[in-house]
Amino acid sequence: MSNLNFFIILLIIAAIVFFIGQKKAYSYSMFNGGAKLHSLPNYYGYLTTLWTFLPAFGVFVIWSFFESNVSSMLTISQFSELQQLSVDELSLALNEIKILAVTNSSSVSINNQAAAVYSEYLNHSFNLKILVSVLLALLGFFYTYLRIKPTMQARNSVEKLIVYVLFTCALIAIFTTVGIIFSVLFESIEFFSQVSITEFFFGTHWSPQIAIREDQVGGSGSFGAVPLFWGTIFISFIAMIIAAPLGLIAAIFLSEYATSQVRAIIKPILEILAGIPTVVYGFFAALTVGPLVRDFGYYLREIGINLDIEILANLTVSTESVLAVGLVMGMMIVPFILSLSDDVILSVPNAMRDGSIALGATKSETVWRVIVPAALPGIVGGFLLAISRAIGETMIVLMAAGVAANLTANPMNVVTTITTQIVTLLTGDQEFDSVKTLAAFALGLGLFVTTLILNIIALHVVKKYREQYE
Amino acid sequence: MNNNKVELDQQLSETVGKPLINGTPKITCRDVNVFYNQDSQAIFDVNVDLAKNQILAMIGPSGCGKSTLLRCLNRMNDTIDGCSITGKISLDGEDIYSNDIDPVLLRAKVGMVFQKPNPFPKSIYDNVAYGPRLHGIATNNSELDDVVEESLIKAGLWKETKDRLNKPGTGLSGGQQQRLCIARTIAVRPDVILMDEPTSALDPIATATIEELMHELKSSYTIAVVTHSMQQAARISDRCSYFHLGRLVEVNDTNIVFTNPEHELTENYITGRFG
């Protein structure tokens, strides 16, 4: 019997006890000459089910979560050879043991013996787990069943239990987030124990290649993240310059000027645009916009040479450029800003429009002097969320802006961003404890904190806006 | 049911009382019909005059078309899709639906106050200065200050707000907000003020203040007010009109309408037999 089978059986039992509990409640009801029930018979059934299922299932889940770790600890305590290993070797050995426990190889190594012990522990654990779960289920069932009588407040009890179930679900989501934060945080602390915080946050040279062998050259291992932060900000800035006015103006058109027929066509198209995977935007940036920007750059350079303008004549031009990525990312964000702005503009009460028009304002005067100012906090909130998105965007940059860390203000040049570096640091053949890999976590932490702050500001601004009309 | 309908139509065929006035009216409505989406008619053949510096009250049960007619007087109905109007409405003898008339400028001359106070989410000062700024009524800041002060004084709000002109208008109480909306309307220097149930969202004390204010404003403006409260109509108006199912049943001096109504429907309504 596997875990899944047991879970299904538990579900079936839970369904059956519903009817048992319900039936007992019925037997008390007025139809059978009894007193008036406090709740509908169904609630007695629900209560029986919940009490039978929840404790058993809870213990089952928690037990399953810990049984592998406990079993391996018990196994280690049996083998002095394993106890002598270092932390890293031990985790390697344990991995092998766990694999051997399933595959049943016939070698006579220590690990294989340990595997046998391990799988035995696991077996015992499983049997014990089932036993405890079943006992709890029975206990829960009888605890409820024996208490069923007309005065029992089953409906209220069910309500209370449901609150606990919902609360648990909410906790799981929060714990996941906390787990993510800590996993990034611990690796980052590890990183900062090897690279100084000041170098990371203020250093201007990013070259994460480190020498794996003594004699290797070219691996300086420099972790100044400023070029990455700059690249991220630069690209997001260009994206927002494109997306903010375009999205806002389009939203104003859609919500204030467009007839319902036009709206019915444009809105779904924009939603399709919002659904395009970023990889596809990446293609577009790398194959279409990138070369266009490059040609434009060459053109500018030629003008610079002809007219003897030094800045233009010395322009560095490349196919992978900040401008190309910024443009395409801007286009990607437009639907995002548009739909958020559209929502806030539409939520400005019609009384505002009437009031302005009744004072002899034209439609545009009404829009720019009343509607947009009234919706501004919401629009700004939308912008901030859009910036978070731009900062977190990886694929387009990876495909069209390159991976060279450049500290440049020239939009025709190559830069790289935090997310892109994380991807390049973590993909391929990597040691998990090298500084290079750990740097990715520090970058991730920086990114996480940045977007977190932006989101908090955005939510705060949006909330403030809502309060104005309530 | 059908018979009743025919009877009602006959009953409503002609407006009784004195819909037209002697002398020069400020606003005249002649054979006004209003349609929503062509198939549903909201107003039928309305003829009525608004006298200068008088208050005309418009009463009647819900859905009788009084608000629709009011919104026709400054072409606010233009903003509603599918709303069309036939007949003639004139302001100072000029047809306001003719092609020469710019509805935007018309609305500056015929201001409107709404049922729910709707100050803009701006400061008290900016709320009042909004219209003057649009229409270039003040040429510099000190003139604008004067216009704002004058309008707030006229609306009876100056004393309460002179120390907090930079605070948001939305932070005022309901009655103050409504007076702010009236100040905002006055600041554009209109000839006519239309009020669509201006006190229905306010408490009795705020209502009394607004009614007093309307009484004072009468000397400078022509006012049309839609109201659900017959007491209010009796208290404030010079002439009173009763609407029923899109038709204007009776118009007369207010005291005559309330003491000696000519039409049975009017009598039924003001004695509270239906409505």
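Residues numbered from 1 in each chain as written. Chains lettered and ligands numbered in written order. Predicted model: local features only at pLDDT ≥ 70, side-chain atom pairs only at ≥ 80, totals over all residues. Heavy atoms only, no water.

### Considerations on the overall build of chain B
A count of helices and strands for chain B gives 11 helices and 11 strands. Whereas a compact globule of 275 residues would reach a radius of gyration of roughly 19 Å, chain B reaches 19 Å, a difference of no more than 12%. Across its three principal directions, the C-alpha atoms of chain B cover 65 × 45 × 35 Å. In chain B, which comprises 275 residues, the share counted as buried stands at 53%. Counting only contacts in chain B whose residues sit at least 6 apart along the sequence, the fraction spanning at least 24 positions is 69%. Counting 27 positive and 35 negative side-chain charges, chain B places the averaged centre of each group 5 Å from the other. (Helix = DSSP H or I, 4+ residues; strand = E, 2+ residues; numbered from the N terminus. Rg over C-alpha atoms; globule rule 2.2 N^0.38 Å. Buried < 20%, exposed > 50% of the residue type's maximum accessible area, 1.4 Å probe, protein only. Contact = heavy atoms within 4.5 Å. Lys, Arg positive; Asp, Glu negative; His and termini not counted. Charge placed at Lys NZ, Arg CZ, Asp CG, Glu CD.)

### What about the environment of Val226(B)?
Residues and elements named next belong to chain B. Secondary-structure assignment places Val226 in strand β9 (residues 222–226). As for Val226 and Asn74, which are separated by 152 residues in sequence, their C-alpha atoms are 14 Å apart. Excluding residues within four positions of it along the chain, Val226 makes contact with Met58, Lys66, Ser67, Leu70, Met195, Asp196, Glu197 and Pro198.

### As for the layout of surface pockets
In this structure, the largest pocket occupies an estimated 740 Å³ of space. In this structure, the largest pocket is lined by 25 residues; those nearest its centre are Glu256(A), Arg353(A), Lys363(A), Thr79(B) and Asp81(B). For the lining of the largest pocket, the elements supplying multiple residues, two or more each, are α8 (226–257), α9 (260–275), α13 (350–358) and α14 (363–392) of chain A together with α3 (103–109) of chain B. Considering only residue class, the lining of the largest pocket consists of eight nonpolar, eight polar and nine charged. Reported here for the second largest pocket is a volume of approximately 560 Å³. As for the second largest pocket, its lining consists of 15 residues, of which Phe57(A), Gly58(A), Val61(A), Thr168(A) and Ile172(A) are closest to the centre. (1 Å grid on protein atoms, 1.4 Å probe; cavity = no way out; pocket = protein on both sides within 12 Å on 5 of 7 lines; lining within 4 Å. Points joined across faces, edges and corners; volume = space filled by probe spheres on them. Nonpolar A, V, L, I, M, F, W, Y, C, P; charged D, E, K, R; others polar.)

### Let's talk about the packing of helix α5 (residues 141–154) of chain B against helix α7 (residues 174–186) of chain B
What describes two packed helices is the angle between their axes and the distance between those same axes. All names here are of chain B. Relative to each other, α5 and α7 sit at 130°, their axes nearing to 8 Å. One finds that α5 runs oblique with respect to α7. Taken as a pair, α5 and α7 cross one another with a handedness that is right-handed. On α7, the residues touching Ser151, Leu152 and Lys154 of α5 are Leu180, Ala183 and Ile186. Residues that form the contact of α5 with α7 fall into these classes: four nonpolar, one polar and one charged. (Axes fitted to C-alpha atoms, helices over the stretch in contact; angles between N-to-C directions. Parallel < 35°, antiparallel > 145°, perpendicular 65-115°, else oblique. Left-handed = near helix turned anticlockwise from the far one by under 90°.)

### Concerning α14(A)
The first and last C-alpha atoms of α14(A) sit only 38 Å apart over 30 residues, clearly below the 44 Å expected at 1.5 Å per residue. Of all the bends in α14(A), the greatest, near 60°, is centred on Leu376(A), and the proline Pro377(A) appears no more than four residues after it. (Expected span 1.5 Å × (residues − 1). Bend = angle between axes of the 7 residues up to and from the residue.)

### As for the pairing of strand β10 (residues 239–244) of chain B
Residue and element names in this part refer to chain B. Among the six residues of β10, six are classified as buried, and the element is accordingly described as predominantly covered. On β10, burial covers both faces: Arg239, Ser241 and Phe243 on one face and Cys240, Tyr242 and His244 on the other are all buried. Where strand β4 (residues 55–59) lies against β10, four bridges are found, and the strand directions are parallel. Paired with Met58 across the two strands is Ser241, which belongs to β10. In terms of strand pairing, β10 meets strand β11 (residues 247–253) through six bridges, oriented antiparallel. The partner of His244 across the bridge, within β11, is Arg247. (Pairing = 2+ DSSP bridges.)

### As for unusual backbone geometry
Phi at Arg75(B) is positive, roughly 60°, even though this residue is not glycine. Positionally, Arg75(B) belongs in the loop between α2 (66–72) and β5 (83–91).

### Digging into a negative patch on the surface
A cluster of like negative charges, contributed by Asp88(A), Glu89(A), Glu190(A), Glu431(A) and Asp433(A), occupies part of the molecular surface. Checked against the element boundaries, Asp88(A) lands in helix α4 (residues 87–103). (Patch = residues over 30% accessible without salt bridge, like charges linked within 9 Å, V, L, I, M, F, W, Y side chains within 5 Å. Areas by Shrake-Rupley, 256 points an atom, 1.4 Å probe, with all protein chains shown as cover. Salt bridge = Lys/Arg side-chain N within 4 Å of Asp/Glu carboxyl O.)

### Description of the packing of aromatic side chains
Under the defined criterion, the tally for this structure stands at 23 aromatic pairs over all chains. Both rings, one in Phe7(A) and one in Phe57(A), keep their centres 5.4 Å apart while their planes meet at 45°; by these two values the pair is tilted. Of the two residues, Phe7(A) sits in helix α1 (residues 3–28) while Phe57(A) sits in helix α2 (residues 41–78), which places them 50 residues apart along the sequence. Relative accessible area serves as the criterion here: at 27%, Phe57(A) is assigned to the partly exposed category. By way of ring pairs, the aromatic residues Phe191(A), Phe192(A), Phe200(A), Phe201(A), Trp206(A), Phe223(A) and Phe229(A) are connected into one cluster. Cation over ring: Arg184(B) sits above Phe120(B), and NZ or CZ is 4.3 Å from the ring centre. Lying across the ring of Phe44(B), Arg247(B) places its NZ or CZ 4.2 Å from the centre. (Phe/Tyr/Trp six-rings, centres within 6.5 Å; stacked < 30°, edge-to-face > 60°. Lys NZ or Arg CZ within 6 Å of the ring centre and 35° of its normal.)

### Some words on empty space enclosed by the protein
A probe as big as a water molecule, rolled over the atoms, marks out the empty space that is left. Residue and element names in this part refer to chain B. In this structure the tally under the stated criterion is one cavity of 30 Å³ or more. Taken as a whole, the largest cavity holds about 30 Å³ of empty space. Forming the walls of the largest cavity are Asp49, Leu50, Ala51, Gln54, Ile55, Leu56, Thr222, Ile223 and Arg239. The biggest single contributor to the lining of the largest cavity is strand β3 (residues 40–51), with three residues. Per-class residue counts for the lining of the largest cavity are five nonpolar, two polar and two charged.

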